[in-house]
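Architecture and fold: a report
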Amino acid sequence: MWNPVPTGLPTGTKVFNISLNLVAILDTSVVSFLEALGLRSHITALGSSFVSSLCLQSLLPNLTIISTTNMTLKAQQLLNIDAVFDSAPNPSDSKTISISSFSDPGPLNRAEWIKFYSAFFNLENKANTLYGQISGNYNCLKKLPSSNNRPTVAWVGYNEPSSFNNNTASWTINDAPFKKIFTEDAGGTYFNITPRSYSTSSSFLSAISNVDILIDETLTGPNIYAVNNNFNLTSNDQYKFVKNNAIYREDGLSNPSNGMDWFESANLLADDVLEDMMNVINPNLPTKNYKRVWLRNVAKDEHIKINSAINCSDVSAALTDNAVQCSSIKPTTTSAAAINSPNSSILLLFAVLIFIKLIT
């Protein structure tokens, strides 16, 4: 901090000694940003042990889990902490830094929060470099999908009856700016109509009857049987997303306790997420052998990958962006619609037969 601290600061101004040394994280969306900056060793306390980061998992025995019920204990646990990163605003606590990267409207807006975190550690140059790499790759990747015949993608959810909703089930069409941007940049058409909430599965299914690809954001539903049960679907239904086997979930990468990495590193790694979306829409993108990280096809029984502490080879290593680099990708002329249509091979054969007929 300045020495001495400047006078005349507005009431409620928080002053921090830069760079921070020991920090607590009460929202796991922060983890990947600090890890990418090489600051894993500065994390000494967590609000929960359910982190997806495999290397942070390996450090859990040495970390403090902040109490959520005993405020006296919580104060003692935070006594020697320089700052607390939390999504819940706490103006009265001089150590709390409020964050909201997960609610920023655009994919690159969310990734750019790395600059905010870096300022507390004098790592602005490193953050600018990292963000430049992510945004540069993202902006290159979004030029690859075809601009024609863009399949329709709906992000949806099921809310089971509980005390929070008067024991009344509902089905929703989810909407968020970053999902719209990801969908359209990946070569799809974003599905968004009103009403967005339905009290019966039949009215909900009627609303999405022409959707090509479904992304199920229901927190529970590990396999296609659970998904079908939640939405009252059967394998014989004629909805496009059923016939196409195009039902996905965001739980492709999770920790051993089913904590989804989608809510952790996907906030930062916008170019990786875009590649996942591109591959959902066109299996030939970004490359033919691409393996999705988060978006898992439950209709094809793809398995959940587990992030486990035993897979951490170097706890001191910074988190890296493993996205395919756009500059190394050869352009493809295959359209998204051709890839995702269940009758694409028949249509291609039909076209070849017509061509042969015309030249003979």
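How each quantity is defined
- Residues numbered from 1 in each chain as written.
- Predicted model: local features only at pLDDT ≥ 70, side-chain atom pairs only at ≥ 80, totals over all residues.
- Heavy atoms only, no water.
- Buried < 20%, exposed > 50% of the residue type's maximum accessible area, 1.4 Å probe, protein only.
- Helix = DSSP H or I, 4+ residues; strand = E, 2+ residues; numbered from the N terminus.
- Contact = heavy atoms within 4.5 Å.
- Pairing = 2+ DSSP bridges.
- Expected span 1.5 Å × (residues − 1).
- pLDDT = per-residue confidence, 0-100.
- Core = buried A, V, L, I, M, F, W, Y, C linked by side-chain atoms within 4.5 Å.
- Disulfide = S-S within 2.5 Å.

The name recorded for the protein chain in an unreviewed UniProt entry is Periplasmic binding protein, from Gigaspora margarita.

Okay, helix H7 (residues 177-185) next. If you check which residues of H7 are buried, you get Phe178, Lys179, Phe182, Thr183 and Asp185. On its buried face, H7 sits against helix H4 (107-111), helix H6 (124-141), strand E6 (152-159), strand E8 (189-190) and helix H11 (270-281). Gly187 occupies a position one or two residues after H7 and carries a positive phi of about 105 degrees.

On to the pairing of strand E4 (residues 83-86). Judged by which residues are buried, E4 turns out to be covered on both faces: Ala83 and Phe85 on one side and Val84 and Asp86 on the other are all buried. Pairing geometry for strand E1 (residues 23-25) and E4, over 3 bridges, is parallel. Bridge pairing in E4 links Ile25 to Phe85. Note: E4 against strand E5 (residues 96-98), 3 bridges, orientation parallel.

Let us look at H11. Relative to the 16 Å expected for 12 residues at 1.5 Å per residue, H11 spans 17 Å between its end C-alpha atoms, a close match to the ideal helical length. Within H11, 12 of the 12 residues are buried, leaving the element largely enclosed by the surrounding structure. Ala270, Asp271, Asp272, Val273, Leu274, Glu275, Asp276, Met277, Met278, Asn279, Val280 and Ile281 are the residues of H11 that are buried.

Reading across from one edge, E3-E2-E1-E4-E5 is the order of the 5 strands in this open sheet, with parallel pairing throughout. Whereas interior strands pair on both sides, the edge strands pair on one side only; in this sheet they are strand E3 (64-65) and E5.

All right, on to the confidence of the model for the protein chain then. Model confidence for the protein chain is summarised by a mean pLDDT of 91, while 91% of its residues fall at 70 or above. Every residue in residues 334-339 is under pLDDT 50, and counting partners more than four places away or in other chains gives 17 contacts.

Turning to the nonpolar core, a few remarks are in order. With 63 residues, the main nonpolar core has Leu20, Leu34, Phe85, Tyr117, Trp262 and Met277 as its most contacted residues. For this core, the element with the highest residue contribution is H11, accounting for 7 residues. If sequence neighbours within four positions are ignored, Trp262 has contacts with Trp155, Phe178, Glu250, Leu253, Asn267, Val273, Trp294 and Leu295. In this structure, Ala154, Tyr158, Ala207 and Phe241 belong to the second largest nonpolar core, which totals 22 residues.

Under the definition given, this model contains 2 disulfides. One disulfide in the model links Cys55 with Cys312; its S-S distance is 2.0 Å. Residues Cys55 and Cys312 are joined through a disulfide that is right-handed, its torsion about the S-S bond being 95 degrees. Of this pair, Cys55 sits in helix H2 (residues 54-58) while Cys312 sits in the loop between strand E14 (305-306) and helix H12 (336-340), placing them 257 residues apart in sequence. Between Cys140 and Cys326 runs a disulfide, and the two sulfur atoms are separated by 2.0 Å. Judged by the torsion about the S-S bond (-65 degrees), the Cys140/Cys326 disulfide is left-handed. Pair noted here: Cys140 is in helix H6 and Cys326 is in the loop between E14 and H12, with a separation of 186 residues, a long-range link. A relative accessible area of 28% places Cys140 in the partly exposed class.

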